[in-house]
Each structure stands twice: as C-alpha cells, then as structure tokens.
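# Remarks on the overall topology
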Amino acid sequence: MYLTQLDIRQVRNIHDEKLIPGQRCTYIYGDNASGKTSVLEAIYLLSVARSFRTTHIKHVISQNSKYLQVFARIQNENEQAAVGLERSLQKTRIRINGSDVKKVADLSSLLPVQVINPDVHKLLEQGPKYRRQFIDWGVFHVEHDFLLSWQHYYRVLKQRNAALRKKQNKQTITLWDDQLIQYAKIITLAREAYLLNFIPIFNKYVDKLMGLSVNIKYQRGWDSETSFTETLLNTFEKDYLKGFTSFGPHRADLEIWHQGTQVQNSFSRGQQKLLVCAMRLAQISHLKKEKNQDSVLLVDDLAAELDTKHRQNLIELLVDTKAQLFLTATEQNSFILPPEIESKMFHVEHGRLKEVVQ
Ligand SMILES: Nc1ncnc2c1ncn2[C@@H]1O[C@H](COP(=O)(O)OP(=O)(O)OP(=O)(O)O)[C@@H](O)[C@H]1O
Ligand SMILES: [Mg+2]
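The structure reproduced in this document is the subject of the present report. As the structure is a computational prediction, the values presented were derived from the model and not from experiment. (Residues numbered from 1 in each chain as written. Chains lettered and ligands numbered in written order. Predicted model: local features only at pLDDT ≥ 70, side-chain atom pairs only at ≥ 80, totals over all residues.)

Moving on, we get to the site of ligand 1. Near ligand 1 you find 15 residues, and of these Asn 13, Asn 32, Ala 33, Thr 37 and Ser 38 are the closest. Class assignment of the residues belonging to the shell around ligand 1 gives a composition of two nonpolar, eleven polar and two charged. (Near = placed C-beta within 6 Å. Nonpolar A, V, L, I, M, F, W, Y, C, P; charged D, E, K, R; others polar.)

As structure tokens, this is what we get:
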C-alpha cells in the first residue's frame with residue numbers, strides 16, 4: 001500500500017498543494033517554518049482525523065480559512081482507494097471512494113500511519129495513556145474488531161464511574177461489573193497476544209539499533225495474581241470513596257527496563273529516541289508480517305539528536321520495513337537514501353512544494 005497522490009488544502013501555511021509522492025520514499029527539505037511538519041501533519045490527519053501536534057484543530061486550519069481538506073489516492077496490491085478528510089471547527093467529513101463515511105476507524109484501517117518526530121522520547125516519559133495507545137494501535141490494525149470491545153469497555157467504565165461518583169447504592173454500581181469484566185477480558189487477551197508476537201521483533205530492532213538489550217514488562221492494569229472479578233470486589237470500598245474504578249485495562253502500562261532501571265531514568269535522549277524508533281519499527285514489521293499490510297511512516301527532522309552513524313543505520317532499517325516513508329530535513333543532504341529505492345525529493349518554501357529532479 002502506498003499513496004500515489006496527495007492534495008493538501010488549508011493546513012497551516014499550506015494553502016493548496018498537490019504532490020505525487022515517491023512510491024517508497026519522499027524527502028522533503030526546507031528552512032525552518034517553511035511547512036515541512038505541516039505536510040506530515042496533513043498525512044496524519046488523513047489517517048486519524050486529528051493532529052500529532054495539537055488537540056485543537058483550530059490551530060491546524062490555515063488562518064483565514066474555515067476548514068482544511070486533505071485528499072489522497074491509495075494504491076493497494078490490486079485495488080485503489082480515494083480518501084478525503086475535511087475538518088472545520090464544527091464538523092469532520094470523511095469520504096472513501098466518493099461515499100461519506102462516519103467512522104474514523106475506516107480511514108485508519110486503510111491507512112496505518114506512524115510518526116517518528118523529535119518528541120518521540122515522550123512516549124517513555126509521559127503518562128501510561130500514550131503507551132496504551134501505542135499497544136492499542138498495534139492490536140487494532142491486526143484485529144479491527146478490537147475497537148468495538150474497547151469502545152464497549154470504556155462506555156461501561158464511564159457508567160460505573162458515574163454511579164460511583166453519584167454514590168449510588170452498591171447493587172446499582174456493581175450492575176456494571178459483569179460487562180466490565182467481559183470486555184476487560186477481551187481487551188487484555190488481545191493486548192497480551194499482540195505483545196507476545198511484538199516483543200521478539202522489538203528486541204531484534206533494539207539490538208540492531210542500539211547494540212544492547214532491554215526488558216519490556218506489560219502491566220495489565222491490576223494485580224497479576226488476582227482475577228479482575230476479585231479485584232473489583234476487593235477495591236469496591238476504595239473506589240466508592242474515590243468515585244472511580246481504580247483498576248482495569250484502562251490502567252495498563254508498558255515498562256521498559258535496562259540493567260535494573262526504567263529506561264526513562266537512565267537512557268540518554270538519543271538512546272530514548274532510538275528505543276522508541278525500535279518500538280515503531282517493530283509495529284510496522286509486525287503488521288506487515290501478520291496482515292501483509294504496509295504502513296506510511298512519517299519521519300520529522302530525523303537529524304535532531306542522532307549522530308551520523310545511528311541516523312544512517314536507522315534510515316536503512318526504516319527502508320527495510322517497506323513502509324512508504326516521508327522524511328523531512330532542513331538540508332538537501334542530511335542523510336543518504338539507498339540508491340535502489342524509488343524516491344522523490346521536494347523543496348518547501350513558504351508552504352509551496354517544488355519537486356527537485358535529481
Ligand atoms: N494555522 C496556521 N495558519 C497559517 N500558518 C500557520 C498556522 N499554524 C502555523 N503556521 C505557520 O506555518 C509555518 C510552517 O510550520 P511548520 O511547523 O510546518 O514548519 P517546518 O518547516 O516544519 O519548520 P521547522 O524546521 O522549524 O520544524 C510556520 O511559519 C508557522 O508559523
Ligand atoms: Mg518542523
């Protein structure tokens with residue numbers, strides 16, 4: 001799968017640009033503030049209908065415009081798809097092959113997108129929510145039905161928490177427990193099955209990129225010795241006082257350890273970045289292996305914080321995944337792409353993209 005056409009309208013300083021990306025790699029370079037990250041942001045928007053830079057779409061829509069639009073043609077093995085997204089402050093409109101579609105997941109499943117940007121190390125430092133999102137991205141793309149169970153779980157959890165907050169009687173609150181337990185089981189089994197296959201691939205990438213090994217531990221969100229049913233019973237009084245459900249898959253986390261310390265406390269910034277790159281590479285490889293599904297990989301400002309050797313090594317591994325790469329840099333020659341891969345180069349200036357014929 002790869003994008004054969006990309007149209008971007010009113011995304012930050014990009015007003016109306018069309019480009020034909022390289023089948024394997026698109027190299028975008030330009031000065032600071034020229035619009036490089038905005039191109040990647042547009043592709044990301046098309047996959048998940050939101051930005052990786054801000055939660056407020058109003059910052060992404062060009063000033064003086066009421067909406068943004070991104071359109072792409074996707075080439076799959078034997079078929080093509082045309083996908084479009086329009087977002088205003090009030091509305092999101094998704095079109096697939098000329099028909100309106102309600103669910104963002106329909107877009108995401110056609111176009112799995114991963115991002116590696118100068119912020120990636122935050123995946124290790126920030127709250128567990130981001131690491132759960134990481135695992136769930138992987139599970140969802142292998143097994144699309146996972147999203148339904150996930151949505152059910154969170155809906156029931158919300159109801160149970162509302163009942164706890166309102167201090168309703170025990171019987172009313174625990175009425176939700178059967179459903180909560182049922183969906184918790186599906187989510188947890190799916191995450192564990194995913195990680196079982198993911199971890200060996202991840203370990204391989206950590207070794208290739210960093211020449212060391214780490215220990216990845218999955219915390220399912222409640223005590224590993226106790227069943228979820230028992231946990232809900234044991235913690236009822238506490239939950240009642242706090243007004244929310246303390247344990248469950250909504251508290252799951254991934255911990256990464258190296259020599260007895262969690263990596264966010266011991267690894268350098270460059271090492272943290274390489275480690276998260278290994279996580280993303282492993283997800284892309286796993287998806288390719290399990291479902292023969294290619295991803296689009298957006299790599300913003302790869303040169304930041306990586307020395308030439310690690311950068312070049314990473315580029316080669318990125319290319320090896322067969323993902324369609326979109327790479328940005330401030331210079332025309334920040335790194336060397338393997339000459340055999342089909343790539344295109346664009347120069348960006350004031351939000352205008354111009355192909356550079358090499
Ligand atoms: N909503 C908006 N409308 C118009 N322009 C915007 C909007 N938001 C940001 N910009 C501008 O868009 C330009 C491009 O930003 P972008 O982050 O894409 O640049 P960049 O090429 O990635 O720069 P850098 O090398 O510094 O990362 C900037 O000048 C920014 O101020
Ligand atoms: Mg940028």
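So much for the structure itself; the text now carries on.
Moving on, we come to the sheet that holds strand β3 (residues 25-29). To summarise the sheet geometry, strands pair through backbone hydrogen bonds and adopt either a parallel or an antiparallel arrangement. The strand order β8-β12-β13-β3-β14-β15 describes an open sheet built from six strands, whose pairing is mixed. Looking at strand neighbours, the two that pair on one side only are β8 (113-116) and β15 (352-356), the edges of this open sheet. Between one strand axis and the next, the sheet turns through 20° on average, direction left out of account. The sheet strands contacting helix α1 (residues 36-48) are β3, β8, β12 (296-299), β13 (324-329) and β14 (343-349), and the helix crosses β13 at an angle near 150°. (Pairing = 2+ DSSP bridges. Helix = DSSP H or I, 4+ residues; strand = E, 2+ residues; numbered from the N terminus. Axes fitted to C-alpha atoms, helices over the stretch in contact; angles between N-to-C directions. Contact = placed C-beta atoms within 7 Å.)

With that settled, the discussion passes to the pairing of β13. Extensive coverage of β13 is indicated by the burial of five of its six residues. Taken together, the five bridges between β3 and β13 define a ladder with parallel strand orientation. Bridge assignment links Tyr 29 to a residue of β13, and that residue is Ala 329. Pairing geometry for β12 and β13, over four bridges, is parallel. Bridge pairing links Val 296 to Gln 324 in β13. The β-α-β motif built from β12, the intervening helix α12 (residues 308-320) and the parallel element β13 has right-handed crossover chirality. (Buried ≥ 20, exposed ≤ 12 C-beta atoms within 10 Å, placed from the backbone. Right-handed = clockwise from strand over helix to strand, strands pointing away.)

So, on to the nonpolar core. Ile 43, Leu 46, Ala 278 and Leu 298 are the most contacted members of the largest nonpolar core, which totals 83 residues. Inspection of this core shows a minimum of three residues originating in each of domain 1 (1-112 + 297-358) and domain 2 (120-293). Contacts of Leu 46, omitting those with residues within four sequence positions, involve Val 70, Ala 72, Val 83, Leu 85, Leu 107 and Leu 111. (Core = buried A, V, L, I, M, F, W, Y, C linked by C-beta atoms within 7 Å. Domains from an automatic or database assignment.)

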